[in-house]
Every structure is written in C-alpha cells, then in structure tokens.
Amino acid sequence: MGETVPQVAVIVLAAGAGTRMKSRTPKPLHPLAGKPLIAHVLRTAGELHPESIVAVVRHERDRMAEAVLEFAPHVRIADQDDVPGTGRAVELGLEAIAGFEGHVVVLSGDVPLIDADTLRGLVERHEREGNQLTLLSAHLGDPTGLGRIVRDEAGAFVRIVEQKDASDAERAIDEVNGGIYVFDAAALRAALATIDRANAQGEMYLTDAAVRIQAAGGRIQAVPAADQWAIWGINDRIQLAAAAHELNDRIIRRWQAEGVTVVDPASTWIDIDVTLAEDVTILPGSQLHGATAVAAGAIIGPDTTLVDTEVGEDAVVKRTDATLSVIGARASVGPWAYLRPNSVIGEGGKVGTFVETKNSQIGAGSKVPHLSYIGDATIGDGVNVGGGAITANYDGERKHRTTIDDQVQTGVHNSFVAPVRIGAGAKTGAGAVIRKDVEPGALAISVAPQRNMAGWVQANRPGSKAADAAAAASTEAPEA
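Residues numbered from 1 in each chain as written. Predicted model: local features only at pLDDT ≥ 70, side-chain atom pairs only at ≥ 80, totals over all residues. Heavy atoms only, no water.

Caption draft 1: The overall build of the protein, seen in detail. Looking only at helices and strands, the protein features 10 helices and 37 strands. Rg of the C-alpha trace for the protein: 33 Å, well past the compact-globule value of 23 Å for 480 residues, more than 25% over. Along the longest, intermediate and shortest principal axes, the C-alpha atoms of the protein span 115 × 50 × 45 Å. A buried classification covers 46% of the 480 residues belonging to the protein. (Helix = DSSP H or I, 4+ residues; strand = E, 2+ residues; numbered from the N terminus. Rg over C-alpha atoms; globule rule 2.2 N^0.38 Å. Buried < 20%, exposed > 50% of the residue type's maximum accessible area, 1.4 Å probe, protein only.)

Caption draft 2: Highlighting the pattern of salt bridges. Taken as a whole and assessed by the stated rule, the structure comprises 21 salt bridges. Of the charged contacts, one joins R189 and E101 as a salt bridge, the two residues approaching to 3.6 Å between their closest N and O atoms. With a gap of 88 residues between them, R189 in helix 6 (residues 185–192) and E101 in the loop between helix 3 (86–95) and strand 6 (103–108) connect regions that are remote in the sequence. The exposure class of R189 is partly exposed, given its relative accessible area of 25%. (Salt bridge = Lys/Arg side-chain N within 4 Å of Asp/Glu carboxyl O.)

Caption draft 3: Quick look at the pairing of strand 11 (residues 220–224). Burial of strand 11 is extensive: 4 of the 5 residues sit out of reach of the surface. Note that strand 7 (residues 133–139) and strand 11 share 5 bridges and pair parallel. Note on strand 11: the bridge partner recorded for L135 is A222. (Pairing = 2+ DSSP bridges.)

Caption draft 4: Broad picture of the nonpolar core. Grouped together as the largest cluster of nonpolar side chains are 57 residues, with contacts concentrated most on L276, V311 and I327. Residue assignment for this core shows that the elements contributing at least two residues are helix 8 (237–257), strand 25 (337–339), strand 27 (350–358), strand 29 (367–375), strand 30 (377–379) and strand 34 (420–422). Residue contributions to this core peak at 7 residues, all from helix 8. Those residues in contact with L276 that lie beyond four places of it in its chain are W255, V260, I270, I282, L288 and V294. Judged by nonpolar contacts, the second largest core, of 35 residues, contains A67, A72, L119 and A230. (Core = buried A, V, L, I, M, F, W, Y, C linked by side-chain atoms within 4.5 Å. Contact = heavy atoms within 4.5 Å.)

Caption draft 5: Inspection of unusual backbone geometry at higher detail. Following G334, the chain continues to P335 via a peptide bond in cis, the omega torsion being 5°. Here the bond from A418 into P419 is cis, since omega is 0°, no more than 30 degrees from zero. Within the element layout of this structure, P419 appears in the loop between strand 33 (415–417) and strand 34. Despite not being glycine, R319 has its phi angle at roughly 45°, a positive value.

Structure below.
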C-alpha cells in the first residue's frame, strides 16, 4: 500500500445500463480476472485511503448495491434519480459527502485497469499546481468515438471536444479524455450548479463542468497517462476480452518475475487473487481461479482448472478439475480427476484417472487409483482403494458417510453402502458389496455360488451366431 493521499474522496460512477453489452448482467458486474469490473475499481480507490468512497447506482439498483458492499462494505451508496447524465451522478455523489472540501476523484465503474500509482500522481499534480480540475488523458492510435483534448500552441488545455462536434483538424488529434478526474470540491459544486441539459441527449454532462470551471477562471490541466490501458473503458464484449487478455498478461508476467514457470502464457489464465510460490510450474491449458493457492515446487497442468483450491508443495495435478479442495504436499492427482467441494487429499496421496471425489478426506499416502466415486467418505492413512470403487452414500433422502480406517486394502469393484465402517488393516474381496461394518483385520467378501445354465444360448437365442458357435464348440469338445 502506498502513502495516504490527504483530503481525498472518491466517487465511482456505476449507474449506467451498459446496453452494448447485450446482457442481463449489469455492465460493472461482468467478471474480469475473477472479480467484477467494479471490484477492481473499488480496490484501486481503496488504495488511495480516501476519507470516503461513494458509488452512484441506478440500473439494477439493489443488485449493484449488494455487489458493491460485498467487495467494499465501507462504501456509501448514492442513487441516481430520473435526471440522466454523468454530471447528475457526480452531483448526487457529492450530496452523499456534504461538507467535504478536499479533492474529489471521479472514476468509472467500467474502467478496471486504472491503478493507484497513476491516481496518486494525478492527485499530487492537482494539488501541486493548484488546479481546480486535473483530468487523465491518453494518446491512442485510434481515438475514434472519444472526446479529444484540444490544446493551445503552448500545450495548455483549451477544451474537450466530442467527436461529433469536432472539426476535421480536431478529429486528427490522438489525445483523448480518459474520463478520470480530480476536482476541487468547491469548484465542482459551483460548476455543477450551473450545468443544464440543453443538448441532444437531454443529459447533464460532467464534461460541461470543465467549461464552467474554465469560464470562472479556474485552472485545468490534462495529464497524459503513461499507460493507455489506464483509461480503457468496457462498453462491449470485445473490449472486455481485450482487457481480460491485457490483465492476464500482467498477472502472468508478475508471477514469472517471482519465480513461477508458465510454459505457455497464451493458454494460461490466472485470476488476480491467486497466490503462487517459487518454483511452481504451470503447464499449457491451465486455469487458476478465485483464491487458489499453490505451494513451492508444485506442477499444475496441462489442461487443469483449479477454483479456490489449495495445492501443497511438490504436488502434481494434471488434467484435473478441482473446486474448493485441498491437495496435500507431494500428492498426485489426475489425469482426468474431478475433485468437487470439500475434497481433501492428504500428503503423498493419489487420486488417479477417472476418479471423482466429493466431501471426502483421503489420508496421507492413501490411493484411489482409477475409475471410482468417493463421496461423503473419510479414508485413513495408507489405504489402497481398488479400481471401480463406489461409496453408495445416498439413500434417496439423506447422505451417509463411509469410513475406511488406516492401512485398509479394498478389492476391485467394491460398493460401500453407507453408513459403513471398514476397520484398520482390513481387506475386502473383489466385487464385494459392503453393507455392514468390517472389524479391524478382517477379510470381507461377498460370496454367491456361480451357476452355469447349460444350453441357455441355444434354447433362448436359436439361430444366432452365438448359438451356432456354441453348438459347434459343443460337438468339437472332447468327451470327458
């Protein structure tokens, strides 16, 4: 965290419908690197340590307010009324911090890549120069559709001109208004009080405040951002995808600098709250989401998705889907494993090919090698579960638990009908259906005599290829 910027309040604009997203989800709530757009903005605002943060909402008001308070409980909510426009939104935000007389930073809830260092520099410039308005601009290769910053021959700010109102010469300007502002609170209040809605859209434009401040003799500066992504607004899915790629690239480069090997950054996605230790290796096609944490030396991938999952040192997790799970140190998971929530794999444990686990704890050194479902189970240390095992945990109304104690070895194709317990050191035979507890050290088998019904195929499938083959084999068989 940086040093506190004195006398700052932040207003975040999040009232728009975002119709170009063509979505039932409000635009500021679309996800980016594991968090909604507005959560990124609120996090950056919080890094300024402001006296107050106000979020102005309108479209899907309750949903927006709930999301804002989930990520930043201290934020004040202001409701935009029927008067449209960014100017009105800021005016209502100011009402929520009545009496504040410092610097007012205005951010947009759909500009997620603005960073705290850029904002601090903008505020410091604003204070040092004695400005009434300092705005962030950027030089873009393609400024189409954005308001241009017009300067005089000395390079001083003259005005903001929207593209539809710009001359050919002004349209050739590549410096655009980034929509991020630092206002003197008193100057802003005075300017907003004089703004009208005499425009084609019938809206109160915040950019009109610049005109009023300038007319009143106030000092305005436009400061170009070193990074054009700082002003990158999200208006449609195309821009959202571009921002996602840019942020993901930054996250990956940061972890690479910290000693993480990312074999193929182009096919790897890492959310902003993921934590990785030194010497972690991430193989192609892997996605790490939420609060996933991976310890030193672990290998993740290829083609692995981890959501809110903890991976221990030197574990290997390949071609696996895991959510809300814990994978212990030196454990091996996959390929083609599915760990559902509350799966805990102990140190040195193994969950192999085509194994699904759910709400189960698998002890240190225990193995579930392949083709099994382990749900609502507690498996001790040193257990080997034979292939094709199923914990029959649901009776149609309730879930029941299977407990397999230390050093048990189970045969292939076992069904454990819960609730049931297999005592320490016990063994089960192939194909066993375990319906009652097995005492420690016992061998549990399900025995039924095999019955061969001679001539069944010829009698029940006459004329079939199987019947013909059986008949031929019967005539060729030597007499006993």
